Amino acid sequence: LGLQLQVEGIRSVEDAVKAYVEPEVLEGDNMWRLDDGSMVAAVKGLFPKSLPPILVFDLKRFKYGASGREKVDSPQSIAPELDLGDILQRHRPAHVGNVLGEGAAPLPSGGCYDIQAILLHRGTAMGGHYSCALREW
């Protein structure tokens, strides 16, 4: 599974993951529209039932601005281990249930990932070189 993470203005990969899974409250002018046309407040977000054995993070290092394609150069820190199960536990609203209405959906088990490799880009938004840093065994 691959997740595309926004990193502009965010200092660590863990914080980017937290922002990715942070629920969005739909209320006011942004409420959810039902099939009958009525509007209701809702919570939208990522609430997985299971986690994959391998997870790839794509840090969104390029953006499009007024002057075209730009590179996002904000530094990122990354820990050698990421506990996604713990992050999901802390960022999941207590009232989130499953789509079948059978009560609260269980949290996925596991979710502890060891960072194995990092792909690096050196250059500008218009060109450059990629290199890979691998974890030593």
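## Comments concerning the overall build of the protein chain
So, step 1. Secondary structure assignment for the protein chain yields two helices and twelve strands.
So, step 2. The helix and strand sequence of the protein chain, counted from the amino end, reads β-α-β-β-β-β-β-β-β-β-α-β-β-β.
So, step 3. Nonlocal contacts in the protein chain, meaning residues at least 24 apart in sequence, comprise 58% of its contacts between residues at least 6 apart.
So, step 4. Just so you have it, the protein chain exposes about 9,800 Å², and 54% of that area is on carbon and sulfur atoms.

## A look at the confidence of the model for the protein chain
So, step 1. Looking at the protein chain, pLDDT values average 81 and 85% of them are 70 or higher.
So, step 2. Averaged over each element, pLDDT in the protein chain is lowest for helix α2 (residues 84-91) (78) and highest for strand β4 (residues 39-40) (92).

## Overview of the nonpolar core
So, step 1. Membership of the largest hydrophobic core comes to 16 residues, with the highest contact counts inside it found for Leu5, Val17, Leu84 and Ile87.
So, step 2. For this core, the secondary structure elements donating two or more residues are β1 (2-6), α1 (13-21) and α2.
So, step 3. Those residues in contact with Ile87 that lie beyond four places of it in its chain are Glu14, Val17, Lys18, Val21 and Leu82.

## Observations regarding the pairing of strand β7 (residues 62-65)
So, step 1. Of the pairings in the sheet, the one linking β7 to strand β8 (residues 68-71) comprises four bridges and is antiparallel in character. Of the residues in β8, the one forming a bridge with Phe62 is Lys71.
So, step 2. Connecting the antiparallel pair β7 and β8 is a turn made up of two residues.

## With respect to the pattern of salt bridges
So, step 1. The full count for this structure, using the stated rule, is five salt bridges.
So, step 2. Between Lys63 and Glu8 there is a salt bridge; the shortest N-O distance is 2.7 Å. Note that Lys63 is positioned in strand β7 and Glu8 in the loop between β1 and α1, a separation of 55 residues in sequence.
So, step 3. Among the residues examined, Lys63 registers a relative accessible area of 28% and is labelled partly exposed.
So, step 4. Connected via shared salt-bridge partners are Glu8, Lys63 and Glu70.

## Observations regarding the side chain of Gln76
So, step 1. Here Gln76 is to be found in the loop between β8 and β9 (81-83).
So, step 2. At 2.4 Å, the side chain of Gln76 and the backbone oxygen of Ile10 are in polar contact.

## Considerations on α1
So, step 1. When α1 is considered as a whole, its buried residues turn out to be Val13, Ala16, Val17 and Val21. Looking down the long axis of α1, one finds its buried residues gathered within 130 degrees of arc, a one-sided arrangement.

The rules behind these values
- Residues numbered from 1 in each chain as written.
- Predicted model: local features only at pLDDT ≥ 70, side-chain atom pairs only at ≥ 80, totals over all residues.
- Heavy atoms only, no water.
- Helix = DSSP H or I, 4+ residues; strand = E, 2+ residues; numbered from the N terminus.
- Contact = heavy atoms within 4.5 Å.
- Areas by Shrake-Rupley, 256 points an atom, 1.4 Å probe, with all protein chains shown as cover.
- pLDDT = per-residue confidence, 0-100.
- Core = buried A, V, L, I, M, F, W, Y, C linked by side-chain atoms within 4.5 Å.
- Buried < 20%, exposed > 50% of the residue type's maximum accessible area, 1.4 Å probe, protein only.
- Pairing = 2+ DSSP bridges.
- Salt bridge = Lys/Arg side-chain N within 4 Å of Asp/Glu carboxyl O.
- Polar contact = N/O pair within 3.5 Å; in protein donor to acceptor, adjacent residues only side chain to side chain.
- Arc of directions from axis to C-beta.

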